[in-house]
Protein chains: 2
Amino acid sequence: MKILTLAALSATILMASPLIKQATDAGLKPIPADPIELLKLIDNPANPITYKKAELGKKLFFDPRLSKSNLISCNTCHNLATGGDDGVSAAIGHGWTANPHHLNSPTVYNAVFFSSQFWDGRDPHLEKQAQGPIQAGPEMASTKDHVVNTVTSMPAYVEEFKKAYGKYVKINFEKVTDTIALFERTLVTPSAYDKFLNGNDSALNSEEKKGLKTFIDKGCATCHTGIALGGDMNAFQVTAKYKFADVGDFKGDENSLVKVPTLRNITETAPYFHNGAIWSLKDAIIEMGRIQLGQEISEEEAKSIETFFGALNGKKPEVKYPQLPVRSATTPKPNMN
Amino acid sequence: MKILTLAALSATILMASPLIKQATDAGLKPIPADPIELLKLIDNPANPITYKKAELGKKLFFDPRLSKSNLISCNTCHNLATGGDDGVSAAIGHGWTANPHHLNSPTVYNAVFFSSQFWDGRDPHLEKQAQGPIQAGPEMASTKDHVVNTVTSMPAYVEEFKKAYGKYVKINFEKVTDTIALFERTLVTPSAYDKFLNGNDSALNSEEKKGLKTFIDKGCATCHTGIALGGDMNAFQVTAKYKFADVGDFKGDENSLVKVPTLRNITETAPYFHNGAIWSLKDAIIEMGRIQLGQEISEEEAKSIETFFGALNGKKPEVKYPQLPVRSATTPKPNMN
């Protein structure tokens, strides 16, 4: 009975659109439509998502007082209002310092689907990633002590940690960053493309379908694969050293490899590449064809792929801007130096 | 009939609390409980508040792309998550530059009730105020052209302006800043104190009432008056040159006067004074007694007044964090220099 049902379903999908099969065969996967399946996929079994933890994580994500200056929050570079990044070529942090390798801030939306974090892919988990920028000199320039002292100095934060994790919670740096990462896990953006891959043939129009087909036929999906259409260090062909101008001094990982970025919401996250060197999405597509795939992608084909990319723009979670706990007499003071 | 009703109402209030009468006689006024009366009070007849304009103004308020760097929005210094300001002593803007006079960012909450804007009170209206920080070198460092070119380069913004103002709208710098100011006009925070002044005697507890009485008896309400408990250049005694340490080089207006700040949400907006020199609210209260009123306010009295200040913390508007229009090929690029 079950086998018959699955076969019938499978047949329906195939009849609906051979393109869905082609996309699936190419390794492309949708964000699950079933909320429980989605929750299972984005969850961290070591720290299961709950409403209270996510609310607390949101506050910490937006709290500039975790930074040395009290002016830079996670949301400064991963701005949820502008595609989950900052829209500048290289991240600017404490003291107006640009990232020393001229690295572009990656989007936080759908980062939960990445199998590796950071441009050199050095961490597999959001929990570990969240510890980095807070402490990095040219980013939030904070310390573990500053973060813990700041959070524990505010009774309202302590109360929320107790409500989220129980009254014996130990509020250390890892607990704070784990909670930020937990909020980030909820930042997924289902799109028309997901409806399509989930079996709704009419979710994409004919131009978008044509672009998707070109995208697969050209080989783009070899690296831009999986749910995030990227985010994976281990893709067959990884984005090795870029050859275009202004490469900067970023050398990637030990194999000189740079992580393949996600293509979700890509029309909202210019400029492009790890060094933010190209502002035009069409130019970026053509550049990738030339460098990574060794073939010319025509203007027309690039425009078609760009049209498909529009269908990857997802519905953003509705975020109520938080009211943050009020500082106390013992809250560390801002330091601009 | 009408006279009788009013007299009866008045008697009720008097019976309910002589303190309400004392406060009213001292010039203290509540935020109106009647939403139409409130709307009339906060509205700008030259540009009446509508839902569509306010939504658009919110986007502009949160949009860092109006700044030269694309990194600083109105919300950077007037952060709606932290009492409507930035919680640092002197505002930090473009290039990590501190305000040259070491001026502290005032809260944007309830600024609609101020009769003068800026610390030297040079502008009476929020519409005029909104033009300042956008163009100021050490703040957003933008230009009128940059703002207009940025906004008009994004079709979604143009569409929203048309929906808000009609299809023949001229999107110039003043239209953008007027729309930001319109959003700011909606940022009012009614509190327990307002319920009390509006006739609900039990809205304040006995400690808060005691603090309010001390506040009036000491003479604080002479300057901290009206709906905003401050915000007025024309108060009888204005805050002349401060005598405490680290006064900076800010000289105030042509009479060497500094604007009296609002006390609403004051427990959320440390550090205090125009130069952000004092972090403790209790110390600030005692300092003001000494300098402005020529009298010692005891520790106990200061604590009592601080307790009353807690009742001034209002309910903040629920702000859904916006999704901003996507930049186009013609949107001006960020400039960090």
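Residues numbered from 1 in each chain as written. Chains lettered and ligands numbered in written order. Predicted model: local features only at pLDDT ≥ 70, side-chain atom pairs only at ≥ 80, totals over all residues.

## Overview of the domain arrangement of chain A
All names here are of chain A.
Part 1 of the reasoning: Parsing chain A into structural domains produces domain 1 (17–35 + 190–310) and domain 2 (47–185).
Part 2 of the reasoning: A separation of 27 Å is found between the C-alpha centroids of domain 1 and domain 2.
Part 3 of the reasoning: Taken residue by residue, the interface counts 27 residues in domain 1 and 24 residues in domain 2.
Part 4 of the reasoning: Counted by class, the side of domain 1 that touches domain 2 contains 10 nonpolar, 11 polar and six charged residues. (Domains from an automatic or database assignment. Contact = placed C-beta atoms within 7 Å. Nonpolar A, V, L, I, M, F, W, Y, C, P; charged D, E, K, R; others polar.)

## Looking at the environment of Lys 29 of chain B
All names here are of chain B.
Part 1 of the reasoning: Mapped onto the fold, Lys 29 is located in the loop between α2 (18–25) and α3 (35–42).
Part 2 of the reasoning: Here Lys 29 falls in the partly exposed class, since 16 other C-beta atoms lie within 10 Å of it.
Part 3 of the reasoning: Between the C-alpha atom of Lys 29 and that of Ala 228, which follows or precedes it by 199 residues, the distance is 8.0 Å.
Part 4 of the reasoning: Excluding residues that lie within four positions of it along the chain, Lys 29 makes contacts with Gly 226 and Ile 227. (Helix = DSSP H or I, 4+ residues; strand = E, 2+ residues; numbered from the N terminus. Buried ≥ 20, exposed ≤ 12 C-beta atoms within 10 Å, placed from the backbone.)

## What to know about the confidence of the model for chain A
Part 1 of the reasoning: Per-residue confidence for chain A gives a mean pLDDT of 90, with 88% of residues at or over 70.
Part 2 of the reasoning: This stretch, residues 243–248 of chain A, has a pLDDT under 50; its non-local contacts, to residues over four places away or in other chains, come to 12 contacts. (pLDDT = per-residue confidence, 0-100.)

## Notes on helix α8 (residues 144–152) of chain B
Part 1 of the reasoning: What α8 of chain B keeps buried is the set His 146, Val 147, Thr 150 and Val 151 of chain B. Burial along α8 of chain B is one-sided: seen end-on, the buried residues are contained in an arc of 120 degrees. (Arc of directions from axis to C-beta.)

## Thoughts on the relation of the copies chain A and chain B
Part 1 of the reasoning: Expressed as a screw operation, the relation of chain A to chain B combines 0.0 Å of axial shift with a rotation of 180 degrees, fitting to an RMSD of 0.0 Å. Such a combination of turn and shift is consistent with a two-fold rotation axis. For chain A, the minimum C-alpha distance to the rotation axis belongs to Lys 320 of chain A and amounts to 2.2 Å.
Part 2 of the reasoning: Comparing interface residues between copies, 100% of those in chain A also lie at the interface in chain B; the contact surface is shared. (Least-squares fit on C-alpha atoms with pLDDT ≥ 70 in both.)

## Comments concerning the interface of chain A and chain B
Part 1 of the reasoning: On the side of chain B, 30 residues touch chain A, which itself brings 30 residues to the contact.
Part 2 of the reasoning: Among the residues forming the side of chain A that touches chain B, the class breakdown is 16 nonpolar, seven polar and seven charged.

## Re the nonpolar core
Residues and elements named next belong to chain A.
Part 1 of the reasoning: Core analysis: the largest hydrophobic core is formed by 82 residues, its most contacted members being Ile 180, Phe 215, Leu 281, Ala 284, Ile 285, Phe 309 and Leu 312.
Part 2 of the reasoning: The dominant element in this core, judged by the number of residues it contributes, is helix α10 (residues 173–185), at five residues.
Part 3 of the reasoning: Once residues within four sequence positions are removed from consideration, Phe 215 is found in contact with Cys 220, Ala 221, Ile 305 and Phe 308. (Core = buried A, V, L, I, M, F, W, Y, C linked by C-beta atoms within 7 Å.)

## Digging into unusual backbone geometry
Residues and elements named next belong to chain A.
Part 1 of the reasoning: In the segment running from Ala 270 into Pro 271, the intervening peptide bond is cis, with an omega of -5 degrees.
Part 2 of the reasoning: Within the secondary structure, Pro 271 is located in the loop between α12 (206–217) and α13 (281–292).
Part 3 of the reasoning: Notably, Phe 273 is not glycine yet its phi reads approximately 75 degrees, a positive angle.
Part 4 of the reasoning: Structurally, Phe 273 can be placed in the loop between α12 and α13.
Part 5 of the reasoning: On the basis of neighbour count, Phe 273 is assigned to the buried category, with 22 C-beta atoms found within 10 Å.

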